[in-house]
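Secondary and tertiary structure notes
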Amino acid sequence: MMHEWEKLLIFSIIISFANGILDTFIGMYLIDVTRSYLMLALAVVLPNVMAISSKIWGLISDYYGTRKRFIVIGATLSSAVWLVLVFSLSPQGVILVSSIGAALWGIGEPAYYAAILEGTSEKGKRMGIYNATSIGLLTLGTLTSGTLYDLLGGRALVAFASALFLLATLYVAVAYKEVGSRRKGCKLKSYLRRNFTFTLVREPELRILNISMLVGDVISSAAYPILWGRYYRIVNYNHEVYSLVRAVSIGAASIASLGMGFFVDKAGGYLSYLASQASAIPLMYIYANSEDPLLLALLLMIPLGLLKYIALYKLYTDVCGEIAGDAIGTVNTISRLAALPGTYLASLADVYGELLVLESFALFKGVAVLIALLCPRGREDKNASSSSERPFEAH
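Report follows, based on the coordinates. Just so we're clear, the structure is a prediction, and the values are computed from it rather than from any experiment.

1. Considering the overall build of the protein chain
In terms of helices and strands, the protein chain carries 20 helices and 0 strands. Radius of gyration (C-alpha) of the protein chain: 20 Å, near the 21 Å computed for a compact globule of 395 residues. Taken along the three principal axes of its C-alpha coordinates, the protein chain extends 60 × 45 × 35 Å. Taken over 395 residues, the protein chain has a buried fraction of 57%.

Dropping the structure here:
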């Protein structure tokens, strides 16, 4: 018999296939039309910025003790907004719709991941299973995106992806049965006021990691469009080659995700996070100094971002206990706040060139590692928070 969290994997598989198609199309479309790293960065960064309310929605779902309601509402609204591009396709429209869609999915995203991780102590393993399945279909979507773009054109491609989003939403609304939904016995306002700052500033271990994550993610947000935009230029703007390499890189993440999940459970979230940040330093430097398409493709296939998120989701949910929605929301919100300065930093490549900018980014990744080394959790390798000030969990 299928477990309820496994039904959420079906939802993720459909969504991931559609996202693979859309994400790859957006990158190719914006580069084809604008030839600007700034526009490409806006398409990557603004959706993240618009979803910064993730922390609030995560706390609200914790308060009401329900995940399904928030998942369905967020998925329905974000799916519908993409249909706008079927009638009006432009670079500005793509950026606007993707940003609004991300903001609306922010309603359901922390509840979704919290539901995936509930009821297990092996969170790394479960995230590994989740990533292996969803990324597999993301790979397929990415692989077919270039061909669909050439065959169907942009508007029909967006219509197809939107239909898949709505299908996945209908499935989870009908099939997923929530277990153990329970509203807290206090008022929502007092619950939010008591818990909002716990993961941000009151918990000593997370306070330091928040700063490290912010610095590292500013660099990651800026580097991502430059890395992929540079590769697209090096392969002479070939749609098929670009989508193939993106697909293979995502497939590599799918294959590696199970092993990463086991690694995070064994090594702990803190050491796994450190490994993800520190490894990016030499890889970014090598990428900046090479124009070999094969070498660059291999570097793009190393899924350090996936390792980072598995590590942080485990680490934060372990510390936060019952307020898992807030734990997920905090990680997502900090990552998305980092995206705003990342937009400006990515545009520096248009002015100063890719080499200087990427080498500078590698140095600032080192700053993120140094900050994380100050975390007491790393020295003691704990499995639970040492803070005496716990989240408010009144019923």
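2. With respect to helix H13 (residues 239-267)
The terminal C-alpha atoms of H13, which comprises 29 residues, lie 40 Å apart, in line with the 42 Å expected from a rise of 1.5 Å per residue. The sharpest bend along H13 measures roughly 40° and falls at Ala 256. Measuring from the backbone nitrogen of Glu 240 back to the side-chain oxygen at the start of H13 gives 3.0 Å, which picks out Asn 238 as the cap.

3. Let's talk about the side chain of Ser 335
With respect to the helices, strands and loops of the structure, Ser 335 is situated in helix H17 (residues 324-337). What makes Ser 335 buried here is its relative accessible area of 10%.

4. A few points about helix H6 (residues 91-105)
Spanning 15 residues, H6 covers 21 Å between terminal C-alpha atoms, matching the ideal 21 Å at 1.5 Å per step. Among all positions in H6, only Pro 91, Gly 93, Val 94, Ile 95, Val 97, Ser 98, Ser 99, Gly 101 and Ala 103 are buried.

5. Structural notes on the packing of aromatic side chains
Here the structure, examined in full by the defined rule, presents 15 aromatic pairs. Between Tyr 113 and Tyr 313, the ring centres sit 5.3 Å apart and the planes meet at 50°, which makes this aromatic pair tilted. In this pair, Tyr 113 sits in helix H7 (residues 109-117) while Tyr 313 sits in helix H16 (residues 304-320), placing the two residues 200 residues apart along the sequence. Comparing Tyr 113 with Tyr 313, the two get one shared label, buried. Ring pairing ties together the aromatic residues Phe 11, Trp 105, Tyr 112, Tyr 113, Tyr 130, Tyr 309 and Tyr 313, which thus form one cluster.

6. Here's the deal with the side chain of Thr 330
Position of Thr 330 relative to the elements: it lies in helix H17. A polar side-chain atom of Thr 330 sits 3.0 Å from a polar atom in the side chain of Lys 55. Residues contacting Thr 330, with those up to four places away along its chain left out, are Lys 55, Thr 199, Leu 200, Asn 210 and Tyr 316.

7. Examining the nonpolar core
If you look at the biggest cluster of nonpolar residues, it comprises 115 residues, and the most contacted ones within it are Trp 82, Tyr 316, Leu 358 and Phe 361. Those residues in contact with Leu 358 that lie beyond four places of it in its chain are Ala 223, Ile 226, Leu 227, Arg 230, Met 284, Tyr 287 and Ala 288.

8. Observations concerning the pattern of salt bridges
Side chains that differ in charge, positive against negative, can pair when their charged atoms come close. For the structure shown, the criterion picks out 8 salt bridges. Residue Lys 123 pairs with Asp 318 through a salt bridge whose shortest N-O separation is 3.4 Å. With Lys 123 in helix H8 (residues 123-152) and Asp 318 in helix H16, the pair connects residues that are 195 residues apart, well separated along the chain. Residue Asp 318 is classed as partly exposed on the basis of its relative accessible area of 22%. Here Asp 265 and Lys 314 are joined by a salt bridge, their closest N and O atoms 4.0 Å apart. Residue Asp 265 is located in helix H13, and its partner Lys 314 is located in helix H16; the two are separated by 49 residues in the primary sequence. On the basis of relative accessible area, Lys 314 is assigned to the buried category, the value being 10%. Here the residues in one salt-bridge network are Lys 123, Asp 265, Lys 314 and Asp 318, joined through shared partners.

9. Re the environment of Phe 70
Residue position: Phe 70 is located in helix H4 (residues 68-81). As for Phe 70 and Ile 60, which are separated by 10 residues in sequence, their C-alpha atoms are 9.3 Å apart. The contacts of Phe 70, once residues within four sequence positions are left out, are Trp 57, Ile 60, Ser 61, Tyr 64, Ile 107, Gly 108 and Ala 111.

10. As for a nonpolar patch on the surface
A cluster of nonpolar residues, Leu 140, Leu 143, Leu 244 and Val 248, forms a patch on the protein surface that exposes about 310 Å² of accessible area. Every element with two or more residues in the nonpolar patch is listed here: H8 and H13. With respect to the element layout, Leu 244 can be found in helix H13. For Leu 244, a relative accessible area of 42% corresponds to the partly exposed category.

11. So, the packing of H7 against H8
One can describe the packing of H7 onto H8 by two numbers: an axis separation of 9 Å at closest approach and a directional angle of 120°. On H8, the residues touching Tyr 112, Tyr 113, Ile 116 and Leu 117 of H7 are Lys 123, Arg 126, Met 127 and Tyr 130. Class assignment for the residues of the contact of H7 with H8 results in 6 nonpolar, no polar and 2 charged.

12. Considering the environment of Gly 268
In this fold, Gly 268 is placed in the loop between H13 and helix H14 (269-288). Sequence separation between Gly 268 and Ala 311 is 43 residues; the distance between their C-alpha atoms is 7.4 Å.

13. Regarding the packing of helix H1 (residues 4-34) against helix H9 (residues 154-175)
Close contact between H1 and H9 brings their axes to 9 Å; oriented N to C, the two are set at 170°. By the criterion of interaxial angle, the relationship of H1 to H9 is roughly antiparallel. Broken down by class, the residue content of the contact of H1 with H9 amounts to 20 nonpolar, 3 polar and 2 charged.

14. A look at unusual backbone geometry
The phi dihedral of Asn 236 falls on the positive side, at around 60°, and the residue is not glycine. Along the chain, Asn 236 turns up in the loop between helix H12 (204-234) and H13. A residue is classified by how much of its surface remains accessible, and Asn 236, at 65% relative accessible area, is exposed. One non-glycine residue, Tyr 237, adopts positive backbone phi at about 55°. For Tyr 237, the position within the fold is in the loop between H12 and H13.

What counts, and at which threshold
- Residues numbered from 1 in each chain as written.
- Predicted model: local features only at pLDDT ≥ 70, side-chain atom pairs only at ≥ 80, totals over all residues.
- Heavy atoms only, no water.
- Helix = DSSP H or I, 4+ residues; strand = E, 2+ residues; numbered from the N terminus.
- Rg over C-alpha atoms; globule rule 2.2 N^0.38 Å.
- Buried < 20%, exposed > 50% of the residue type's maximum accessible area, 1.4 Å probe, protein only.
- Expected span 1.5 Å × (residues − 1).
- Bend = angle between axes of the 7 residues up to and from the residue.
- Polar contact = N/O pair within 3.5 Å; in protein donor to acceptor, adjacent residues only side chain to side chain.
- Phe/Tyr/Trp six-rings, centres within 6.5 Å; stacked < 30°, edge-to-face > 60°.
- Contact = heavy atoms within 4.5 Å.
- Core = buried A, V, L, I, M, F, W, Y, C linked by side-chain atoms within 4.5 Å.
- Salt bridge = Lys/Arg side-chain N within 4 Å of Asp/Glu carboxyl O.
- Patch = residues over 30% accessible without salt bridge, like charges linked within 9 Å, V, L, I, M, F, W, Y side chains within 5 Å.
- Areas by Shrake-Rupley, 256 points an atom, 1.4 Å probe, with all protein chains shown as cover.
- Axes fitted to C-alpha atoms, helices over the stretch in contact; angles between N-to-C directions.
- Nonpolar A, V, L, I, M, F, W, Y, C, P; charged D, E, K, R; others polar.
- Parallel < 35°, antiparallel > 145°, perpendicular 65-115°, else oblique.

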